[in-house]
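Listed here are the chains, written in short residue letters.
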Amino acid sequence: MKKLTDAFVFAREGRVLEGTLPVSSLERLHDLLVEVGGEVVFRLEGYKGKRGEAMLHLTVTGSLPLICQRCLAAVSHDLDVDNLLELVPEGADLSQDELEDDTRDFLPVVKELDVAELVEDEILLALPVAPRHEKCGLPGAADAGERVNPFATLAALKGKPN
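None of the values given here were measured: they were computed from a predicted structure.

1. Description of the side chain of E53
Of note, E53 is situated in the loop between β3 (39-48) and β4 (54-67). Judged by its relative accessible area of 14%, E53 is buried. Those residues within four positions of E53 in sequence are excluded, and the remaining contacts are Y47, K48 and E86.

Following this line, the structure appears as structure tokens:
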């Protein structure tokens, strides 16, 4: 697995890490997929922000065969993750204004950073809550035929005298 021994040094020195991860190694995704195959491509670039803070720019691309929540068949989802993350020491006190600032995402790090885990986290955050095809039905709906109203017989009896 790919790990950065010191994420802050990686960012301050402007290093770049590119690579691929097999989907089979991203275990938290397995329950959401029709099949566990293929790979995702990532690029992690470190840099210093305007105020000198350590920043990471992460991009992830690939295609995942998610399970459609309507018909349970495969629905292809193209990944396009593009996130800026500000590194902060784990346990750092952030002001309320910083926490409410939607333009920044903070990544608490001790020193070492597991890149595969970070990529997996960002993929999970980018996936739709309930993936589904534009047009599909429930499983077996096409085979069901015409729906019979269970109260049709009662409607026929309604107008008859005792």
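2. Structural notes on the environment of V129
If you trace the backbone, V129 turns up in the loop between α3 (115-126) and α4 (152-158). The class of V129 is exposed, set by a relative accessible area of 86%. Between the C-alpha atom of V129 and that of L32, which follows or precedes it by 97 residues, the distance is 10 Å.

3. What about the pairing of β4?
Where β3 lies against β4, eight bridges are found, and the strand directions are antiparallel. From the neighbouring strand, K48 faces β4, where its bridge partner is A54. Hairpin geometry of β3 and β4 is characterised by an intervening segment of five residues between the two adjacent antiparallel strands and by a positive phi of about 85° at G52. Across 13 bridges, β4 lies against strand β5 (residues 74-89) in antiparallel orientation. Its bridge partner lying in β5, M55 is registered against E86. The hairpin formed by β4 and β5 contains six residues between the paired strands, and L72 there has a positive phi angle of roughly 65°.

4. What about the sheet that holds strand β2 (residues 16-22)?
Spatially, β2-β3-β4-β5-β6 is the arrangement adopted by the five strands of the open sheet, whose pairing is mixed. The sheet terminates laterally at β2 and β6 (105-109), the two strands that pair on one side only. Taking each pair of neighbouring strands and ignoring which way they run, the sheet shows an average axis angle of 30°. The sheet contact formed by β5 and β6 spans five bridges and is parallel. From the neighbouring strand, L85 faces β6, where its bridge partner is D105.

5. Quick look at a negative patch on the surface
A contiguous patch of negative charge, built from D97, E100, D102 and D105, is present on the exposed surface. By secondary structure assignment, the location of D105 is in strand β6.

6. Some points on the state of the cysteines
Evaluation of the coordinates by the stated rule reveals zero disulfides. C68 takes part in no disulfide bond, and the closest cysteine sulfur, belonging to C136, lies 3.6 Å away. On the basis of relative accessible area, C136 is assigned to the partly exposed category, the value being 26%.

7. Description of the side chain of E122
Looking at the secondary structure, you find E122 in helix α3. The buried charged residue E122 lacks any salt bridge, with R28 as its nearest oppositely charged partner at 9.4 Å. Non-local contacts of E122, meaning those with residues more than four positions away in its chain, are made with L58, V81, N83 and L85.

8. Side note on the pattern of salt bridges
Enumeration over the complete set of coordinates arrives at nine salt bridges. For E45, the salt bridge identified is with R43, shortest N-O distance 3.5 Å. For E45, a relative accessible area of 26% puts it in the partly exposed group. Here R51 and E86 are joined by a salt bridge, their closest N and O atoms 3.7 Å apart. Of this pair, R51 sits in the loop between β3 and β4 while E86 sits in strand β5; the two residues are 35 residues apart in sequence, bridging distant segments of the chain. A cluster of three or more residues bridged by salt bridges with shared partners is formed by E18, R43 and E45.

Thresholds applied
- Residues numbered from 1 in each chain as written.
- Predicted model: local features only at pLDDT ≥ 70, side-chain atom pairs only at ≥ 80, totals over all residues.
- Heavy atoms only, no water.
- Helix = DSSP H or I, 4+ residues; strand = E, 2+ residues; numbered from the N terminus.
- Buried < 20%, exposed > 50% of the residue type's maximum accessible area, 1.4 Å probe, protein only.
- Contact = heavy atoms within 4.5 Å.
- Pairing = 2+ DSSP bridges.
- Axes fitted to C-alpha atoms, helices over the stretch in contact; angles between N-to-C directions.
- Patch = residues over 30% accessible without salt bridge, like charges linked within 9 Å, V, L, I, M, F, W, Y side chains within 5 Å.
- Areas by Shrake-Rupley, 256 points an atom, 1.4 Å probe, with all protein chains shown as cover.
- Salt bridge = Lys/Arg side-chain N within 4 Å of Asp/Glu carboxyl O.
- Lys, Arg positive; Asp, Glu negative; His and termini not counted.
- Charge placed at Lys NZ, Arg CZ, Asp CG, Glu CD.
- Disulfide = S-S within 2.5 Å.

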